[in-house]
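Residues per chain, in single letters:
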Amino acid sequence: MKVRVFVTLKPSVFDPQGHTIVEALHTLGYRDVQDVRQGKYFELEIDAGSPDAARARADEIARTLLANPVIEGYRLEVAGAAAGVAP
Amino acid sequence: MKFAIVVFPGSNCDHDAYHAARHVLGADATFVWHKETDLAGADIVILPGGFSHGDYLRTGAIARFSPVMGAVAAFAAAGGPVLGICNGFQVLLEAGLLEGAMLRNAGLRFVCEHVHVRVEQTSTPFTALASPRQVLTIPIAHGEGNYYAPPEAVERLEAAGQVVFRYVTADGEVTPEANPNGSVNHIAGITNAARNVVGLMPHPERACESVLGSADGLLFFESAVAAVKAG
């Protein structure tokens, strides 16, 4: 079962890379871009009996390894299930 | 007196730390591979700099799950002195043995230069022989040394005297230009509540002989030996 994990910096954490991308976009003339936040994207293929089981497993994995709770939050998408958000 | 230098795949300052402990200081020193589950009876443990596991995912994020980290955590819990240098500091943060996290340098550049750090606390095993507010010249070499912790955590660390090193000018002044990576409150190194685990981004092991531009780093190794001898 495929689970997508999106890891992003918490809103309170400054993102030096996102900031630099905004400046580059402004240089290119995209003055309407107000903010960019850079994150990470993972695709997990999990052997699970149900979407709920796959989500629970992916949630544990995201908490344990993929995201650092001090600076990052994450969001999960299980193929064929509704999106869920974690802080 | 025995130093254990933990070696992760991608560590590259392990031999520098070994050289400083064994050849400059004259202490016993041994390498401990990250798959080991004990620390070879060491009195002092060093997590060296480098790029463990290629810095994949996040710096230190994978190394923190190495088998040896169980032994490091137990050693730290028993009060043993643990020093994390650069990547070793990042591993200690990921492992939760120290508080906070690292972000990409504010300037987005890998910074490799000698900097000045002020010793804010002499009550750790690695700064015991320093004078209060002594300014040390030590090199840094990192791309992700922008120390971050939530504001309330920074406040708590400051109040508890857990900020051990701060980036300053040669005169010991805290100025924006003296901060090489954007670290909050110019924090270069911190300790845990028990004060036996210390992490810092600068590399004392690269500054233990004057031929290298500075011998200020030797103080870390001499302090640790003195602290262990004093019990």
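We now turn to the structure provided with this report.

### Digging into the overall build of chain A
Scanning chain A from terminus to terminus reveals 2 helices and 4 strands. Secondary structure of chain A in N-to-C order comes out as β-α-β-α-β-β. Relative to the 2.2 N^0.38 estimate, which gives 12 Å for 87 residues, the radius of gyration of chain A is 16 Å and therefore markedly larger than a compact globule would have. Dimensions of chain A, computed from C-alpha atoms along their principal axes, come out at roughly 50 × 25 × 15 Å. The long-range fraction of contacts in chain A, counting pairs at least 24 apart against all pairs at least 6 apart in sequence, stands at 64%. A total of about 5300 Å² of accessible surface is found on chain A, and carbon and sulfur atoms cover 55% of it. One way to put it: in chain A the 10 positive side-chain charges average out to a point 2 Å from where the 12 negative ones average out.

### Let's talk about the side chain of B:Asp14
All names here are of chain B. With respect to the helices and strands, the residue Asp14 is situated in helix α1 (residues 14–24). The side chain of Asp14 sits in the buried core without any salt bridge; Arg206 is the nearest counter-charge, 9.4 Å away. If we ignore the near neighbours within four places in the chain, the residues touching Asp14 are Ile5, Val7, Phe31 and Pro48.

### Some remarks on the interface of chain B and chain A
Taken residue by residue, the interface counts 16 residues in chain B and 17 residues in chain A. Buried surface at the junction of chain B and chain A, both sides included, amounts to about 1300 Å², of which 67% is carbon and sulfur. On the surface where chain B and chain A come into contact, there are 1 salt bridge. The shortest N-O distance in the salt bridge between B:Arg58 and A:Glu72 comes to 3.7 Å. At the boundary of chain B and chain A, one finds 5 residue pairs in polar contact (both at pLDDT 80 or more).

### Observations concerning the pairing of strand β11 (residues 197–200) of chain B
Residue and element names in this part refer to chain B. Where burial is concerned, the two faces of β11 agree: the one with Val197 and Gly199 and the one with Val198 and Leu200 are both buried. Strand direction decides the pairing type here: strand β4 (residues 82–85) and β11, joined by 4 bridges, are parallel. Among the inter-strand pairings, Leu83 is bridged to a residue of β11, identified as Val198. For strand β10 (residues 187–191) and β11, the ladder comprises 3 bridges, and the chain directions are antiparallel. Among the inter-strand pairings, Gly189 is bridged to a residue of β11, identified as Leu200. Connecting the antiparallel pair β10 and β11 is a turn made up of 5 residues, with Arg195 showing a positive phi of about 70 degrees.

### A look at the sheet that holds strand β9 (residues 163–168) of chain B
Pairing between the strands of a sheet is mediated by backbone hydrogen bonds and can be parallel or antiparallel. All names here are of chain B. Taken together, 9 strands build an open sheet; the order of strands is β2-β1-β3-β4-β11-β10-β9-β6-β7 and the sheet is mixed. The outermost strands of the open sheet, each flanked by one partner alone, are β2 (28–33) and β7 (135–142). Within the sheet, the average angular offset between the axes of one strand and its neighbour, ignoring direction, is 25 degrees. Of the strands in this sheet, β1 (2–7), β2, β3 (44–47), β4 and β11 touch helix α2 (residues 68–77), which is tilted by about 135 degrees from β3.

### Considering the environment of B:Arg166
Residue and element names in this part refer to chain B. The residue Arg166 is located in strand β9 in this model. Sequence separation between Arg166 and Val72 is 94 residues; the distance between their C-alpha atoms is 26 Å. Setting aside anything within four residues of it in sequence, one finds Arg166 in contact with His116, Val117, Arg118, Glu120, Glu158, Val174, Asn185, His186, Ile187 and Ala188.

### Digging into helix α4 (residues 151–159) of chain B
Residues and elements named next belong to chain B. Within the span of α4, buried status applies to Ala153, Val154 and Leu157. All buried residues of α4 lie within an arc of 100 degrees about the axis, which places them on one face of the element. Turned more than 90 degrees away from the buried face of α4 sit Pro151, Glu152, Glu155 and Ala159, all of them exposed. Of the surrounding elements, those touching the buried residues of α4 are β8 (146–148) and β9.

### Looking at the side chain of B:Glu120
All names here are of chain B. Following the sequence through the fold, Glu120 ends up in the loop between β6 (111–119) and β7. Residue class for Glu120 comes out buried when judged on its relative accessible area of 18%. Side chain to side chain, Glu120 and Arg118 meet in a polar contact 2.7 Å long. A distance of 2.6 Å separates polar atoms of two side chains, one belonging to Glu120 and the other to Arg166. Discounting chain neighbours no more than four positions away, the residues touching Glu120 are Arg133, Val163, Val164, Phe165 and Arg166.

The rules behind the values
Residues numbered from 1 in each chain as written. Chains lettered and ligands numbered in written order. Predicted model: local features only at pLDDT ≥ 70, side-chain atom pairs only at ≥ 80, totals over all residues. Heavy atoms only, no water. Helix = DSSP H or I, 4+ residues; strand = E, 2+ residues; numbered from the N terminus. Rg over C-alpha atoms; globule rule 2.2 N^0.38 Å. Contact = heavy atoms within 4.5 Å. Areas by Shrake-Rupley, 256 points an atom, 1.4 Å probe, with all protein chains shown as cover. Lys, Arg positive; Asp, Glu negative; His and termini not counted. Charge placed at Lys NZ, Arg CZ, Asp CG, Glu CD. Buried < 20%, exposed > 50% of the residue type's maximum accessible area, 1.4 Å probe, protein only. Salt bridge = Lys/Arg side-chain N within 4 Å of Asp/Glu carboxyl O. Buried area = accessible area lost by both parts, 1.4 Å probe. Polar contact = N/O pair within 3.5 Å; in protein donor to acceptor, adjacent residues only side chain to side chain. Pairing = 2+ DSSP bridges. Axes fitted to C-alpha atoms, helices over the stretch in contact; angles between N-to-C directions. Arc of directions from axis to C-beta.

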